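# Commentary on secondary and tertiary structure
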Amino acid sequence: MLQTRDLIWTLLFIGCAASIQVQITPTQGEISVGESKFFLCEVVGDATDIDWYAPSGEKIVSSQDVFVSRTDESTSTLTIYHATVDSSGNYKCVAKSADKEAQATVQVKIFQKISFKNAPSLQEFNEGDNADIVCDVVSSPPATIFWKHKGAKIHVAKDVRFKIMENAHLQIRGIKKTDEGMYTCEARVMARGEIDFRAIKVVINVLPTIRIRQAEVNATADIGTSAMLACDADGFPEPTVTWARNNVVLETDEKYSLNEDGSELLIKDVTKVDEGDYTCMAKNKAGEKEEEVSLNVFVTPRITYLNNQTASELQEHVTLTCEASGEPTPAITWSFGPRVFTEREQASWTRPDTYESLDGNVVVRSDARVSSLTLKYVQFSDAGQYLCTARNPIGQDSKNMYLEVRYSPKIQGPVTVYTWEGNSANISCEVLAHPGASVVWFRDGQQLPSANTTNIKIYSTPTASYLEITPESQNDFGSYNCTATNVIGSESKEFLMIQAEVPSAPTVEGVAPFSSTAMVNFEEPDSNGGVSVLRYKVDWRQPGQDWSSREFEVETGTNQIILTGLKPETAYEVKMAAVNGKGDGESSPSTPFTTKPIREPSAPKLEAKVQKKGNALKVNWVKQDDGGTPIKHYLVRYKPKHVSDWRPEIRVPHGSDHVLLQALDWNTEYEVYVVAENQQGKSKPAVVSFRTAMQPTAIPEVGGSGLGTGAIVGILMVVFLLLLVGVDVTCYFLNKCGLLMCIAVNFCGKTGPGAKGKDIEEGKAAFTKDESKEPIVEVRTEEANPPTQDGGAPTEPSETTPLTEAEPTSPDTTSPVVNSLPTAASNSTPGASERNTAAAVESAKSAAEASLPASAGSKDSGPAPAGATSSSTPDVGPLVDLSEGASLTVAPPKAATAASEPDAKAAEPKESTGSPSTASTAQADIKVAIDDKANANDAITKEANATETKEVKEVDAVPNSTTEVKTVPNEAPVANGNESKA
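Residues numbered from 1 in each chain as written. Predicted model: local features only at pLDDT ≥ 70, side-chain atom pairs only at ≥ 80, totals over all residues. Heavy atoms only, no water.

The protein chain is annotated in an unreviewed UniProt entry as Neural cell adhesion molecule 1 of Gadus morhua. Under the UniProt heading Subcellular location (unreviewed entry), the note attached to the protein chain is "Cell membrane". Comment text from UniProt for the protein chain, heading Function (unreviewed entry), reads "This protein is a cell adhesion molecule involved in neuron-neuron adhesion, neurite fasciculation, outgrowth of neurites, etc." (UniProt positions renumbered as here; feature names shortened; annotations may be inferred.)

## Points about the state of the cysteines
Tallied over the full model, the rule gives 5 disulfides. In this model Cys135 forms its disulfide with Cys185; the gap between the sulfur atoms is 1.9 Å. Taking the sign of the S-S torsion, -85° for the link of Cys135 and Cys185, the bridge is left-handed. Of this pair, Cys135 sits in the loop between strand E11 (131-133) and strand E12 (136-138) while Cys185 sits in strand E17 (residues 181-189), and the two are 50 residues apart along the sequence. Overall, Cys135 belongs to the buried group, its relative accessible area being 0%. Owing to a relative accessible area of 0%, Cys185 belongs among the buried residues under this scheme. A disulfide bridge connects Cys231 with Cys280, and the sulfur atoms are separated by 1.8 Å. Torsion about the S-S bond of the Cys231 and Cys280 cystine: about 60°, corresponding to right-handed handedness. Of this pair, Cys231 sits in strand E20 (residues 227-236) while Cys280 sits in strand E25 (residues 276-284), and the two are 49 residues apart along the sequence. Judged by relative accessible area, Cys231 falls into the buried class, the value being 0%. (Disulfide = S-S within 2.5 Å. Helix = DSSP H or I, 4+ residues; strand = E, 2+ residues; numbered from the N terminus. Buried < 20%, exposed > 50% of the residue type's maximum accessible area, 1.4 Å probe, protein only.)

## Side note on the pairing of strand E5 (residues 66-70)
Bridge count for E5 against strand E6 (residues 75-80) is 5 bridges, and the pairing is antiparallel. Note on E6: the bridge partner recorded for Val68 is Leu78. Where E5 folds back on E6, the antiparallel hairpin that results is connected by 4 residues. (Pairing = 2+ DSSP bridges.)

## Looking at the pattern of salt bridges
This structure, assessed with the given rule, holds 26 salt bridges. Residue Glu194 pairs with Arg192 through a salt bridge whose shortest N-O separation is 2.7 Å. With relative accessibility at 31%, the residue Arg192 sits in the partly exposed group. Residues Arg369 and Glu327 are paired through a salt bridge, measuring 3.3 Å at the closest nitrogen-oxygen approach. Linking Arg369 in the loop between strand E32 (362-367) and strand E33 (370-376) with Glu327 in strand E28 (residues 317-327), this pair joins segments that are 42 residues apart in sequence. The class of Glu327 is partly exposed, set by a relative accessible area of 27%. Taken together, the salt bridges that share partners define one network made up of Arg211, Arg213, Asp232, Asp234 and Glu264. (Salt bridge = Lys/Arg side-chain N within 4 Å of Asp/Glu carboxyl O.)

Right under this line is the structure:
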């Protein structure tokens with residue numbers, strides 16, 4: 001490229017010889033606003049000056065926007081920085097050389113690229129407004145604008161709400177929430193094929209709306225309650241909710257509490273001053289909305305004034321006043337006992353109301369929150385408590401006041417009293433008075449009791465005085481005076497004591513006879529003699545025979561008497577007399593009647609009673625006339641009323657008076673027939689109907705004996721504790737562990753079962769190691785042919801076990817234990833040998849008992865009888881019984897769990913029979929092995945167990961058996977809780 005240019009310049013130089021040529025590269029220039037560009041001016045020929053001229057014709061001088069530079073003698077560069085619209089035009093490059101001049105021009109065009117000058121990416125509008133979506137585009141030539149919504153081109157012809165304005169803005173009239181979304185503003189320049197766009201997010205804000213949950217809220221004041229006012233606000237964006245009262249915004253404090261979104265206002269401890277209107281305000285970008293909520297505060301009635309009053313009898317009037325507060329205004333009523341005084345309508349300060357009693361003595365007036373009760377001409381009966389009650393829809397309040405009426409005594413009580421000589425009677429003088437009155441009794445002007453009266457006593461209470469008189473003669477009957485006096489006045493009253501008489505005769509109205517009974521209907525006597533009739537005496541007989549009598553107690557409301565035990569088809573006559581405290585009255589005239597022939601019995605009287613179970617019934621009956629012959633039995637049938645079939649008939653013995661029907665259907669009506677039967681036949685059925693109870697949903701408690709939850713829990717706890725104790729005892733005996741084991745070792749100093757053998761081994765080892773200990777006697781037995789355990793043979797001997805400690809004498813002194821084995825072939829002398837043996841045994845026993853601790857002793861301190869099992873503790877080897885005439889007995893050790901009775905019996909020795917075979921084989925080599933320091937006078941035979949088994953066997957008189965008595969060192973007792981004990 002460079003060679004070609006050089007060639008062109010050479011040709012021009014040759015062709016033009018001495019002329020100057022100017023060329024601008026590039027020949028044209030298009031610059032976008034803001035861009036920079038340079039132009040190169042090249043000169044052919046010798047040029048002294050190369051200058052650039054602006055479109056205005058002025059020579060360009062380098063500046064910040066335009067810069068001219070001479071690179072060499074033939075070139076000059078024009079640079080335009082950050083071109084603007086004003087930078088466009090024709091720029092000229094002029095080259096000069098002496099008198100020669102050449103120039104070239106270049107046209108610079110400045111164009112504007114598409115530029116979005118004002119097109120916010122987020123534009124917000126309020127719903128319902130005419131929205132103007134702004135998109136200002138700058139370009140040259142001007143760009144064509146297109147609008148899209150959610151990717152689709154907007155056709156303004158299809159929706160009149162949309163319009164593209166002259167400034168290319170998009171207008172939406174009455175914009176809706178559905179118009180919200182992404183809009184695209186797209187700009188195009190067709191001449192250059194240039195396109196650009198901007199995405200605009202349109203957000204529609206919605207004015208808040210408020211929904212009041214409750215326009216009026218009612219609350220009660222002064223009872224510590226709270227009131228909640230609530231409003232729910234909707235809108236976009238989500239509005240903020242605040243509350244205000246009297247243009248003061250409320251915030252959370254001791255009085256008010258707001259939830260997180262402010263929609264609920266809680267007013268604490270409502271009082272009357274909290275009543276009023278509260279404003280709920282919701283605000284967002286779209287605007288603000290307000291709604292009112294009314295709080296109505298009601299006040300429970302409270303009686304604020306009510307005082308006790310005092311009046312005197314026959315005072316002209318007295319007024320009781322009761323004042324109460326509350327909202328709404330409470331209605332006030334008065335009551336005195338069962339009497340209620342109230343207004344016909346609720347009173348108010350504009351319409352007071354008046355209530356007046358029928359007798360005109362009580363007037364009630366109410367005005368607003370005050371009510372007055374006026375008593376005219378006060379009487380003593382007006383005294384007492386008056387109740388004032390104030391009520392409104394919220395509640396009520398009541399208070400009592402006491403009206404004290406001072407009045408003179410009023411004497412009450414029965415005027416006449418009946419009695420008879422020798423029977424005490426009381427004359428009651430009941431006195432009503434305020435203040436209290438004193439009572440005095442008089443008879444014929446003389447105050448009672450007097451010195452001449454011994455049969456009169458006076459008893460007094462605060463409200464009455466009783467005169468007790470025991471008449472001794474007719475003179476004691478008559479008039480008695482009671483006089484009561486207080487500071488107001490006095491009153492007297494005469495009482496009469498009258499001689500009582502026997503009652504008059506009752507009237508027999510008729511007799512209804514049956515076969516063996518008769519019902520006597522009668523009228524009470526006209527006169528009871530002044531005192532109550534206590535009973536009736538009835539006499540009856542067959543004509544010409546003696547009277548039979550029976551007395552019947554008076555039953556209120558019953559004028560019938562049943563005679564029983566009569567004979568069928570027999571004539572009788574009956575008469576009656578009334579009896580009171582004075583005595584028997586006259587008898588009524590006799591009334592004849594004849595019993596009926598023998599027949600079937602009368603139907604019994606029935607009474608049904610549903611039992612506590614609800615579906616069981618007890619039917620009781622009362623026997624009526626048996627028809628002249630004994631009743632054999634009762635027949636009972638029953639069934640539900642809605643079915644036709646009877647349940648199986650029940651036959652009840654004649655002596656029974658009830659039957660119990662169980663397992664009945666729930667909530668079912670039953671009918672029961674009961675028939676009495678004698679030899680003549682059956683009575684008419686007695687019928688009773690009843691309904692069983694509804695079936696309970698839970699089993700009810702019967703008689704209050706059901707177990708409650710606490711009792712069941714207690715039983716379960718006891719069972720659980722018993723199981724724990726059982727497990728602990730089992731562990732104690734089997735595994736030598738558990739709570740009992742710890743207690744036995746740590747507190748009682750005892751060892752568990754199974755530990756005793758171990759203690760014995762340890763004790764034996766200790767004795768073996770320490771030869772300085774005093775010796776004790778050890779008994780071992782040897783058998784050439786050990787007997788079997790069949791037939792109650794003794795058990796095997798135990799391991800070597802110390803029997804007892806020797807008495808602490810001298811180191812070379814031993815305490816042997818001697819055992820005598822009398823056999824059929826024994827040659828020992830009975831006298832000396834037995835005495836020596838007995839002495840040795842007693843010495844050994846004494847030494848053993850003395851060496852034992854008191855706590856290790858046997859329960860029975862005495863020696864065990866011959867043939868009996870030793871009672872010593874199992875830690876100690878058996879003692880040898882040396883009683884006379886008995887075969888050798890060795891008691892086996894007792895097990896830790898207490899040997900059972902069969903084991904004890906098995907341990908008893910067998911007596912020597914003395915048969916020839918026994919006598920021939922019973923010769924035993926008796927070998928007495930005693931320590932070198934010991935001296936024995938008598939030979940003692942014992943058999944040693946070569947295998948050192950753990951149980952001591954009974955030694956019987958058998959051939960070839962030897963018995964040894966050895967002494968082993970005795971270890972001093974160590975108080976470790978596990979030492980061997982005798």
